Amino acid sequence: MKPKILIAAPVGGHKQYSINLWFEWIAKQSYKNYDVAVCCNGDGYTELATKIEQVEINDVHKQEKKIKALVLPDSNELSVIQKITYSREKLRRYAVQQGYDYMFFLDTDTLPNRKDTIQFLIDRKKDCISGLYFYKGSKQPV
């Protein structure tokens, strides 16, 4: 059986400008055994989490995927870096508790150019790896 992957991202209360492109990339990517989770933080995190949990991704594998929305409560007093850091940690803990084999942190505004990115990274057989990302649909490295 292929490893179980969690595609995960922290999401700020007012930073969803590219989230539909993110959902689209997930729907078109080639790895089949995955789930998706976000950690909502900052202004409006509760409303954002409610909206995100209504999203259904119909992917190229004919699967319907729902998004698991975790929240980072009382995060309005934190700096942006703290919100991102604590949100990533919450997602990491969720992945461990749920028994995922790997986590793929994929910020909602940074999308891989390849549809086979997840399998490509798994094939490297490393405990931790980072990919090369390009600016929004271009070949300009970030």
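Computed from a prediction, not measured in an experiment: that's the story for all the values here.

A.B. asks: Describe the packing of aromatic side chains, listing the residues and the values that go with them.
C.D. replies: Applying the stated criterion to the full structure yields three aromatic pairs. Pairing W22 with F23 gives two aromatic rings, centres 5.7 Å apart and planes at 55°, and the pair type is tilted. For the pair W22 and F23, one class covers both residues: buried. An angle of 45° between the planes, with centres 6.3 Å apart, marks the rings of W25 and F104 as tilted.

A.B. asks: Tell me about helix α3 (residues 80–97), and name the residues and values.
C.D. replies: Note: α-helices contain 3.6 residues per turn, so residues at a spacing of three or four share the same orientation. Relative to the 26 Å expected for 18 residues at 1.5 Å per residue, α3 spans 26 Å between its end C-alpha atoms, a close match to the ideal helical length. Where α3 is concerned, the buried positions are K83, S87, L91, Y94 and A95. One side of α3 holds all its buried residues, which, seen down the axis, span an arc of 105°. Along α3, exposed side chains directed more than 90 degrees from the buried face belong to I81, V96 and Q97. Looking at the buried side of α3, the elements it contacts are β1 (5–12), β2 (34–41), β4 (64–71) and β5 (102–105). Of the residues trailing α3, G99 is marked for its positive phi of about 80°.

A.B. asks: Give a detailed account of the side chain of S18, specifying residues and quantitative values.
C.D. replies: Structurally, the position occupied by S18 is in the loop between β1 and α1 (19–28). Here S18 falls in the buried class, since its relative accessible area comes to 4%. Setting aside anything within four residues of it in sequence, one finds S18 in contact with T108 and D109.

A.B. asks: Pulling in residues and values, what's your account of the layout of surface pockets?
C.D. replies: Within this model, the largest pocket holds a volume of roughly 500 Å³. The wall of the largest pocket is formed by 20 residues, among which Y102, M103, F104, D127 and I129 lie closest to the centre. Looking at the lining of the largest pocket, the elements that each hand over two or more residues are α3, β5 and α4 (117–122). Of all the elements, β5 adds the most residues to the lining of the largest pocket, at four residues. Across the lining of the largest pocket, the residue classes break down as 14 nonpolar, two polar and four charged.

A.B. asks: Mind laying out the state of the cysteines, listing which residues take part and the relevant values?
C.D. replies: Scanning all chains against the criterion turns up zero disulfides. Of all cysteine sulfurs, the one in C39 lies closest to C128, which takes part in no disulfide; the gap is 19 Å. Taking the relative accessible area as the measure of exposure, C128 reaches 70% and is therefore exposed.

A.B. asks: I'd love a proper account of the sheet that holds β1, names of residues and values included.
C.D. replies: The strand order across the open sheet formed by five strands is β3-β4-β2-β1-β5, and the pairing between neighbours is mixed. Only two strands of the sheet have a single partner each, and these edge strands are β3 (56–58) and β5. For this sheet the average axis-to-axis angle between neighbouring strands, irrespective of direction, equals 30°. Here β2 runs beside β4; their pairing, made up of five bridges, is parallel. Residue pairing for β4: V36 is matched across the bridge by I67.

A.B. asks: Account for helix α2 (residues 45–52), with residues named and values stated.
C.D. replies: Buried within α2 are the following residues: Y45, L48, A49 and I52. Mapping the buried residues of α2 onto a view down its axis gives an arc of 100°, with all of them on the same face. α2 presents T46 and E47 as exposed residues on the side facing more than 90 degrees away from its buried surface. Residues of α2 that are buried sit in contact with β1, α1, β2 and β4.

The rules behind these values
Residues numbered from 1 in each chain as written. Predicted model: local features only at pLDDT ≥ 70, side-chain atom pairs only at ≥ 80, totals over all residues. Heavy atoms only, no water. Phe/Tyr/Trp six-rings, centres within 6.5 Å; stacked < 30°, edge-to-face > 60°. Buried < 20%, exposed > 50% of the residue type's maximum accessible area, 1.4 Å probe, protein only. Helix = DSSP H or I, 4+ residues; strand = E, 2+ residues; numbered from the N terminus. Expected span 1.5 Å × (residues − 1). Arc of directions from axis to C-beta. Contact = heavy atoms within 4.5 Å. 1 Å grid on protein atoms, 1.4 Å probe; cavity = no way out; pocket = protein on both sides within 12 Å on 5 of 7 lines; lining within 4 Å. Points joined across faces, edges and corners; volume = space filled by probe spheres on them. Nonpolar A, V, L, I, M, F, W, Y, C, P; charged D, E, K, R; others polar. Disulfide = S-S within 2.5 Å. Pairing = 2+ DSSP bridges. Axes fitted to C-alpha atoms, helices over the stretch in contact; angles between N-to-C directions.

Remember, this is a structural readout, not a statement about activity or role.
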